[in-house]
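Here is how the chains run, residue by residue.
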Amino acid sequence: MKGTEAFQELLPLINDEPVVHANGFICRESFALKDREANFYMIGSMGLASSIGLGVAMCKPDKKVIIIDGDGNVLMALGTLAMIAAEAPENLLHIVIDNEVYESTGSQRSLSNKVHLEKVAKSAGYKNALRVEQKEDIKAAYIKLKELPGPNFLLIKVEPCFDPSTGRVTHTPEEITERFMLAIR
Amino acid sequence: MSSLTSQSFIKRLVQEEYKFFTGVPCSLLSGLIYELESQDEVRYIPAVREDAAVGLCTGAYLAGTMPVLLMQNSGLGYSLNAFTSLNLIYKIPMLVIMSWRGKDGKDAPEHIIMGDIDKQLLKTAGMEYSLLSEENCEEVLKKAKQKITEEKLPYTLIVEKGLFDERH
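Rules of the game
- Residues numbered from 1 in each chain as written.
- Chains lettered and ligands numbered in written order.
- Predicted model: local features only at pLDDT ≥ 70, side-chain atom pairs only at ≥ 80, totals over all residues.
- Helix = DSSP H or I, 4+ residues; strand = E, 2+ residues; numbered from the N terminus.
- Rg over C-alpha atoms; globule rule 2.2 N^0.38 Å.
- Buried ≥ 20, exposed ≤ 12 C-beta atoms within 10 Å, placed from the backbone.
- Contact = placed C-beta atoms within 7 Å.
- Pairing = 2+ DSSP bridges.
- Axes fitted to C-alpha atoms, helices over the stretch in contact; angles between N-to-C directions.
- Right-handed = clockwise from strand over helix to strand, strands pointing away.

Peer 1: I'd like a description of the overall build of chain B, backed by residues and values.
Peer 2: For chain B, the helix and strand inventory stands at six helices and six strands. Listing the helices and strands of chain B from first to last along the sequence gives α-β-α-β-α-β-α-β-α-β-α-β. In terms of C-alpha radius of gyration, chain B reaches 15 Å, essentially the compact-globule figure of 15 Å for 168 residues. With respect to the principal axes defined by its C-alpha atoms, chain B has extents near 40 × 35 × 30 Å. Expressed as a percentage of its 168 residues, the buried residues of chain B come to 47%. Looking at chain B alone, contacts between residues at least 24 apart form 75% of all its contacts between residues at least 6 apart.

What follows is the structure, given as structure tokens:
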């Protein structure tokens, strides 16, 4: 499955949940396919989508909060998996689109071909962690992990396919803040 | 505020509607963190790194809760990219309480350079700060609140050794 196909499967399943996106390919692909006001596009600060998502989940316990992360981001902030596991917000679903490379900078390899991030998350203390390799399996895994009390982790293995001509997020950072805050108020 | 203690300062922060506390410890802030951990109406969330604490504060603010980050000045290095590529451009504020290790070159070697340049780094990044003291506490809290609510920018209060009690 290509990264774009994973997004095509995943995005229609999301309703009004706040979604925090990791920088690079994750932001740009999601923005290009389906822009939403409840999307927080983190265009810089690599590694922090997970801690931002944790903060939102802790302060909005009545909303299911979704993080769409990348393997490079998760590897940069492995310690945040421990923070999420220790805090254990039931309303948090951490999704990782794992293409095993830093795709938006030219597909340099990461380490996730050797390190199974869903196992790291489970060992850290996430309640449930699933790994999906076929696009037909995304829907069932997503629905299951969204319904079970979290924090839960969904790793989706994909092949790199990013088209660099995919535009960047066109909203200004300030606009992203304002509309996200209004949408999840 | 009559006399500034860890207890009175945390109480003032809570009165000012700061409700979310996280950070990475420093001995100079140990009294404050002890206070946060022992009070019922506030919570302190231990962070693994200062930049992760910035992320956590960012999420809290986006969800409508005013956050406070406590860290040693050594954490400024780790968190500078988070401030410049996230908070300063997205206008996501927080109150930063930063201890000043390495003041006047009198400290362990690892603190000397950061103790010398931390204020310049904040200034260069466009992040305002005040050196907190018993005398200026009310004034700088007001200034911080204004910066945070009106300009939506982080504001840093610098804590010198001896200002608050230490708990080892």
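Peer 1: Please give an account of the sheet that holds strand β1 (residues 18-23) of chain B that cites residues and values.
Peer 2: Residues and elements named next belong to chain B. The strand order across the open sheet built from six strands is β2-β1-β3-β4-β6-β5, with neighbouring strands paired in parallel fashion. At either end of the open sheet lies a strand with only one pairing partner, and these are β2 (44-46) and β5 (129-131). Strand-to-strand twist of the sheet, defined as the mean angle between neighbouring strand axes without regard to direction, takes the value 20°. Where β1 meets strand β3 (residues 66-72), five bridges bridge the pair, whose relative direction is parallel.

Peer 1: Could you give an account of the pairing of strand β7 (residues 128-132) of chain A, with specific residues and numbers?
Peer 2: Residue and element names in this part refer to chain A. In the sheet, β7 pairs with strand β8 (residues 152-157) via five bridges, with the strands oriented parallel. Residue N128 lies in a different strand from β8, and its bridge partner there is N152. Between the parallel elements β7 and β8, the chain passes through helix α7 (residues 138-147) in a crossover that is right-handed.

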